[in-house]
Amino acid sequence: MIEPITGRYLRLALEGRPHRLYFEEAGQGIPLLLLHTAGSDGRQWRDLLNDAEVTARFRCIAFDMPWHGKSSPPEGWQEEEYRLTTAAYTGMVMAVARALELDRPVVMGCSIGGRIVLDLAAEHADALRGVIGLQGSAFVEPYYDTAMLHHPRIHGGETCAAIVSGLVSPRSPEAARWETLWHYMQGGPGVFKGDLHFYKGEGDLRPKLARIDTARCPVVLLTGDYDYSCRPEDTLATAEAIPGARATIMPGLGHFPMSEDYASLRRYLLPVLEEFAEQG
Amino acid sequence: MILPVESLPARIAATPALRRWGRYLDADVLLEVGAAAWLLTVRDGQVLAVRRGPFVLPSFTLALRLDPAGFARFLAADPPPGWHDLMALRRHGALKLEGDLVPFFAHLFWFKGALALLREGAKP
């Protein structure tokens, strides 16, 4: 059996430097741009890309961020430390949308992706149909030293997976839970830590929330209750600070709903996508 | 709280995944739950000895100090969301770590799995 997903490479400039990004896509219709979590890659969206009910009406595109998955770092990477910033992340998403000629996509991201969609809604409302944040909130307090994620005496792959293993719901299916962790084990050295520079520090979006106009760019937040990083109360507080934003807590799900238990996520996600489909 | 810490050597030895996650782990681990304390001698991921406190100025590689109420939630047969994992306890301030944290993070799967083995037989 061959899945209906196709993978290709996109050449584009990000922050003035040439990049070669890997992306996968399936379906036709309204563009739906998908953002993976910190330290992982686009494989997290494998079940959605195989969901005929979604791909019948949406052109679903999941790209690997630079340094992640099959997207290499830019030339000269060996001379620098990777650190994701709000401006670079938002610029990257908009550059990919432009390069693929996506007409006002819906952007859906998880974790760091669920955070950056808030910045996208604030800064690029008219270029988007709306945003969906999974496990999204404006800020998360640090609760461990991320230096341990990139340390010469520590195996980064095993430790990055172990750090997030409890964020996966214990109720999610065993195979999907461990596949989600395997993606973390395959991350490049220092990449998860570099993403968390944005997630646990630089990317505090609380001051921007009041600027989001949900009449121009609707905001929907979906959060699993086993997530102790972006906790349900973090998502609810974020939604409360954005007039018109909607938030739903998903019992039984963790920090990686599209990867750890897509069947459960889709019960909450499909009605949201249906609304975007009806709006055209 | 009753904790079956003395059973950990046998339980860990009988768990193949922990033998793998614990390879090369050498540490003297002080485990404190409120006023109760144990010192675990861990070599290559196996617990060679368990000593029950109280201790006077114990020497250790790293210490895990757990809030009893938070740890009780973790040890429930069906832990509530947000209290189901060792790092969740850290997030809520119910776990404090001291000493050399490199062995802890390098073998985090082992520490999570080993402490989860205390669920069977734990009593509030």
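Look up: the structure comes first, before these words.
Q: Explain the pairing of strand 6 (residues 130–134) of chain A residue by residue, including any values.
A: Looking along a regular strand, one sees side chains alternate from face to face of the sheet. Residue and element names in this part refer to chain A. Burial runs high along strand 6: five of the five residues are buried. The alternating pattern of strand 6 places Gly 130, Ile 132 and Leu 134 on one face and Val 131 and Gly 133 on the opposite face, and all of these are buried. In this sheet, strand 6 lies alongside strand 5 (residues 106–110) in parallel orientation, the contact comprising five bridges. Bridge pairing in strand 6 links Val 107 to Val 131. Considered for its hand, the β-α-β crossover made up of strand 5, helix 4 (residues 112–123) and strand 6 is right-handed. Of the pairings in the sheet, the one linking strand 6 to strand 7 (residues 219–224) comprises four bridges and is parallel in character.

Q: Account for the nonpolar core, naming residues and giving values.
A: All names here are of chain A. Within the largest apolar cluster, 121 residues are counted, with the highest numbers of intra-cluster contacts made by Cys 60, Val 93, Val 107 and Ala 121. A total of seven residues in this core trace back to one element, the largest contributor, which is helix 4. Every residue in contact with Val 107, bar those within four places of it in the chain, is listed here: Leu 33, Leu 35, Val 93, Val 117, Leu 120, Leu 128 and Val 131.

Q: Outline helix 4 of chain A, listing residues and values.
A: Residues and elements named next belong to chain A. Here helix 4 contains 12 residues, and its C-alpha end-to-end distance of 17 Å stays within 8% of the 16 Å for a straight helix at 1.5 Å per residue. By the burial criterion, the buried members of helix 4 are Ile 112, Gly 113, Gly 114, Arg 115, Ile 116, Val 117, Leu 118, Asp 119, Leu 120, Ala 121 and Ala 122. Elements that come into contact with the buried residues of helix 4 comprise strand 3 (30–35), helix 3 (86–99), strand 5, strand 6, helix 7 (191–202) and strand 7.

Calculation criteria
Residues numbered from 1 in each chain as written. Chains lettered and ligands numbered in written order. Predicted model: local features only at pLDDT ≥ 70, side-chain atom pairs only at ≥ 80, totals over all residues. Buried ≥ 20, exposed ≤ 12 C-beta atoms within 10 Å, placed from the backbone. Helix = DSSP H or I, 4+ residues; strand = E, 2+ residues; numbered from the N terminus. Pairing = 2+ DSSP bridges. Right-handed = clockwise from strand over helix to strand, strands pointing away. Core = buried A, V, L, I, M, F, W, Y, C linked by C-beta atoms within 7 Å. Contact = placed C-beta atoms within 7 Å. Expected span 1.5 Å × (residues − 1).

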